[in-house]
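Topology and contacts: notes
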Amino acid sequence: MWKPDRQSNKPLYEQIADYLEQRISYGEFPPGSLLPSERKLAEQLGVNRSTIIQAFAELRSFGIIESRTGSGTRVSRTKWGATPKHTPNWKRYAEGGSFLPNPPFMRKIREALTDQPSRIDFASGELAADLAPMDEIASLMSAHHYTSYLGYDNPQGYVPLRETLVSYLKRYRSIQTSESSILITSGSQQSLYLITQCLLSPGDAVAIEDPSYCYSLPMFQSAGLRLFRLPVDQHGIRPDDIRTLYKKHRIKMVFLNPNYQNPTGTVLADERREQLLEVASELALPIVEDDPFSLTAYEGNPPAPLKSLDTVGSVLYIGSFSKVAASGLRIGWMVAPRSIVERLADARQQMDFGLSIIPQQVAAQFLKSSHFEPHLERLRIQLQFKRDLLIDTLRKELHDSVIYDIPHGGLHLWCKLLPDVNDGKLLDEAIRRGVVFVPGSVYGSDSSFVRFTFARAKNDEIEPGISRFAEALRSLTSINS
Ligand SMILES: Cc1ncc(COP(=O)(O)O)c(C=O)c1O
């Protein structure tokens, strides 16, 4: 009996859809015949019912099968009958366009979490429901009268949110700006997208940290950019490396996440910040400062952003609501020279006419409210608690087989495993045991590194999650318990 291949990069539902399509085309299921039920197929193939539902949805979208409530799923008569009707080859279209697909590991993780949401999630870089300010946001939403008119708004972003961000940036990030220099985006992701698509051209060389969140984004390759690496040590990148890359490759832009860097948790050292800004002004090189984690600083004040030290105007600053409040609101912002904001707002108009006003209103209310400061306080304490719980459990389970620097902010712990282990095989073993993490190679690193996000799992999931991970690791190495 055929079974889907769990080691394959191809999602399970696609393998099942292809298999069923083949059986139909061989005539095993003639036009109009009834297919086995979702439950039965799930049992036969050893997968969740939700995977069969996805496979059926795929076949339905090609017109191969039809489902009617109460009468099951049948092979389409129009597609396979006497006068067949031909559906466009959607698969070929789906492989077209200029966007590369996400890295296979990321797709595998997404599938593992959708397939079985009870898996313990050390992979998603976001806050758990108990860390997000859901009650505060709900109470603001019920207390405020939101807009009385929902027309197209300014693609640069809702003016009251931009005004609120002017005070927020001054108070929390020591950045002096005006609302006309702010662009509201759908998370920092869209800021990165707009920069790569609108300010750079295919063939341009850019520098990114190594390892870096940017490696997990095929967005850079889709834009035709050539990526060059700036190795990150305990104190961040070395500014002199930028000079070397500039000489060799004429890099056009540098992308950095200097505060509690994703994935390493590193903070760029103060003296390197100064050197970096000197190099940038010497070479007239723009620096993109991606700063989503600063306000999570567990103890003391967050590091000052490069933008607050930038007297020349080299820095495009990107912020986000995602890692300190709610990723699902999709609120991000960019602080940039007016010419850039106008150019990107114009592109934005062509893309989607701007972000919906409602989440912008909610974000503005929340940032202005008396809830924001206490929420941040609570968030920092709880993140630190989760970090400590994860580290304690790792130590208990894996002793010296895991090496890391303790992060003082952010959501992630970056670990090196000893001895070396193939991170792809480890992910498979972990998924089988009900736990998910991100393999280091997704961030451009050698195998044998892993990123754990400690913010997403519930407190009572952290210990069992790490024990299952340790079991997966032991199954591939000679580490003792
Ligand atoms: C460094 C960094 N930049 C940007 C993003 C994108 O976040 P969002 O679009 O939700 O603001 C992430 C998300 O993980 C990130 O880690």
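Because the structure is predicted, anything quoted here is derived from the model rather than measured.

Read from one edge to the other, the open sheet built from four strands follows the order S12-S13-S16-S15, with strand pairing classed as antiparallel. The sheet is open, and its two edges are formed by strand S12 (402-404) and strand S15 (438-439), each paired on a single side. The sheet contact formed by strand S13 (residues 412-417) and strand S16 (residues 449-453) spans five bridges and is antiparallel. Bridged to Cys-415 within S16 is Val-450.

Covered by surrounding structure in strand S2 (residues 72-75) are Thr-73 and Val-75 only, the residues Gly-72 and Arg-74 on the alternate face being uncovered. When strand S1 (residues 65-68) meets S2, the two strands line up antiparallel, connected through four bridges. When the sheet's bridge partners are listed, Ser-67 is paired in S2 with Thr-73. The hairpin formed by S1 and S2 contains three residues between the paired strands, and Gly-70 there has a positive phi angle of roughly 90°.

Note on placement: His-412 falls in strand S13. For His-412, a relative accessible area of 3% gives the class buried. Not counting residues within four places of it along the chain, the set of residues in contact with His-412 comprises Gly-125, Asn-262, Pro-263, Phe-293, Pro-407, Arg-451, Phe-452, Thr-453 and Phe-454.

This next bit is on the nonpolar core. Formed by 81 residues in total, the largest nonpolar core has its most connected members in Phe-122, Trp-333, Leu-394, Phe-452 and Phe-469. In terms of residues, this core owes the most to one element, helix H16 (residues 372-398), which gives nine residues. Excluding residues within four positions of it along the chain, Phe-469 makes contact with Leu-398, Leu-417, Leu-426, Val-435, Phe-437, Val-450 and Phe-452. Core analysis: the next-biggest nonpolar cluster, separate from the first, contains 27 residues, Tyr-193, Leu-217, Met-334 and Ala-345 among them.

All right, on to the packing of H16 against helix H18 (residues 459-476) then. One way to put it is that H16 packs onto H18 with a least axis distance of 9 Å and a crossing angle of 30°. Note on packing geometry: the crossing formed by H16 with H18 is right-handed. Here Phe-385, Lys-386, Leu-389, Leu-390, Thr-393, Leu-394, Lys-396, Glu-397 and Leu-398 of H16 come into contact with H18, specifically with Asn-459, Ile-462, Glu-463, Ile-466, Ser-467, Phe-469, Ala-470, Leu-473 and Arg-474.

The strand order across the open sheet built from eight strands is S4-S11-S10-S9-S8-S5-S6-S7, with neighbouring strands paired in mixed fashion. In this open sheet, the two edge strands, each paired with only one partner strand, are strand S4 (182-185) and strand S7 (236-237). Bridge count for strand S10 (residues 315-320) against strand S11 (residues 332-335) is four bridges, and the pairing is antiparallel. The residue bridging Gly-319 from the neighbouring strand is Trp-333, located in S11. On the sheet, helix H8 (residues 159-173) packs against S4, S10 and S11 and is oriented at approximately 105° with respect to S4.

So, about the site of the ligand. In the vicinity of the ligand there are 13 residues, among which Asn-262, Asp-290, Ser-320, Ser-322 and Lys-323 approach most closely. Side-chain polar atom of Ser-320 to an oxygen atom of the ligand: 2.6 Å apart, as the coordinates give it. A distance of 2.6 Å separates an oxygen atom of the ligand from a polar side-chain atom of Ser-322. The fraction of the free accessible surface of the ligand (400 Å²) that becomes covered by protein chains is 93%. In the shell around the ligand, the residues fall into three nonpolar, seven polar and three charged.

Attention now goes to the packing of aromatic side chains. Taken as a whole and assessed by the stated rule, the structure comprises 17 aromatic pairs. Geometrically, the ring pair formed by Trp-90 and Tyr-93 is tilted, given 5.6 Å between the ring centres and 50° between the ring planes. Taken together, the positions of Trp-90 and Tyr-93, both in helix H5 (residues 90-94) and three residues apart, correspond to about one turn of that helix. When the ring of Phe-99 is compared with that of Tyr-193, the centres are 5.9 Å apart and the planes differ by 20°; the resulting orientation is stacked. You can see Phe-99 sitting in the loop between H5 and helix H6 (104-115) and its partner Tyr-193 sitting in helix H9 (residues 187-199), a full 94 residues away along the chain. Three or more aromatic residues link up through ring pairs in this structure, and these residues are Tyr-168, Tyr-172, Phe-321, Trp-333, Phe-366 and Phe-372.

When we look at burial in helix H7 (residues 134-143), the residues that qualify are Glu-136, Ile-137 and Leu-140. Down the axis of H7, the buried side of the element spans an arc of 95°, and every buried residue falls inside it. Of the exposed residues in H7, the ones pointing more than 90 degrees away from its buried face are Asp-135 and Ser-142.

Summarising the element assignment, Gln-234 is placed in the loop between strand S6 (226-233) and S7. Through-space distance from the C-alpha of Gln-234 to that of Ala-269 is 8.8 Å; in sequence the pair is 35 residues apart. Among all residues touching Gln-234, those that are not within four sequence positions of it are Thr-266, Val-267 and Asp-405. A polar contact is formed between the side chain of Gln-234 and the side chain of Asp-405, at a distance of 3.4 Å.

On to the UniProt feature "domain: HTH gntR-type" (unreviewed entry) in the protein. According to UniProt, the feature "domain: HTH gntR-type" (unreviewed entry) maps to residues 10-78 in the numbering used here. End C-alpha atoms of residues 10-78 are separated by 29 Å, and the span's content is 54% helix alongside 12% strand.

To continue, consider the pattern of salt bridges. With the rule as written, the count across this model stands at 29 salt bridges. Residues Glu-429 and Arg-432 are paired through a salt bridge, measuring 3.1 Å at the closest nitrogen-oxygen approach. Here Glu-429 and its partner Arg-432 are both found in helix H17 (residues 423-432), three residues apart, which amounts to about one turn of the helix. In the salt-bridge network here, residues are joined through shared partners; they are Asp-233, Arg-238, Asp-241 and Arg-272.

Our next topic: the environment of Cys-198. Within the secondary structure layout, Cys-198 lies in helix H9. Relative accessible area serves as the criterion here: at 16%, Cys-198 is assigned to the buried category. C-alpha separation for the pair Cys-198 and Ala-347, spaced 149 residues apart in sequence, amounts to 7.5 Å. Ignoring anything within four residues of it in the chain, the contact list for Cys-198 reads Arg-343, Leu-344 and Ala-347.

What counts and how
Residues numbered from 1 in each chain as written. Predicted model: local features only at pLDDT ≥ 70, side-chain atom pairs only at ≥ 80, totals over all residues. Heavy atoms only, no water. Pairing = 2+ DSSP bridges. Helix = DSSP H or I, 4+ residues; strand = E, 2+ residues; numbered from the N terminus. Buried < 20%, exposed > 50% of the residue type's maximum accessible area, 1.4 Å probe, protein only. Contact = heavy atoms within 4.5 Å. Core = buried A, V, L, I, M, F, W, Y, C linked by side-chain atoms within 4.5 Å. Axes fitted to C-alpha atoms, helices over the stretch in contact; angles between N-to-C directions. Left-handed = near helix turned anticlockwise from the far one by under 90°. Near = heavy atom within 4 Å. Polar contact = N/O pair within 3.5 Å; in protein donor to acceptor, adjacent residues only side chain to side chain. Areas by Shrake-Rupley, 256 points an atom, 1.4 Å probe, with all protein chains shown as cover. Nonpolar A, V, L, I, M, F, W, Y, C, P; charged D, E, K, R; others polar. Phe/Tyr/Trp six-rings, centres within 6.5 Å; stacked < 30°, edge-to-face > 60°. Arc of directions from axis to C-beta. UniProt positions renumbered as here; feature names shortened; annotations may be inferred. Salt bridge = Lys/Arg side-chain N within 4 Å of Asp/Glu carboxyl O.

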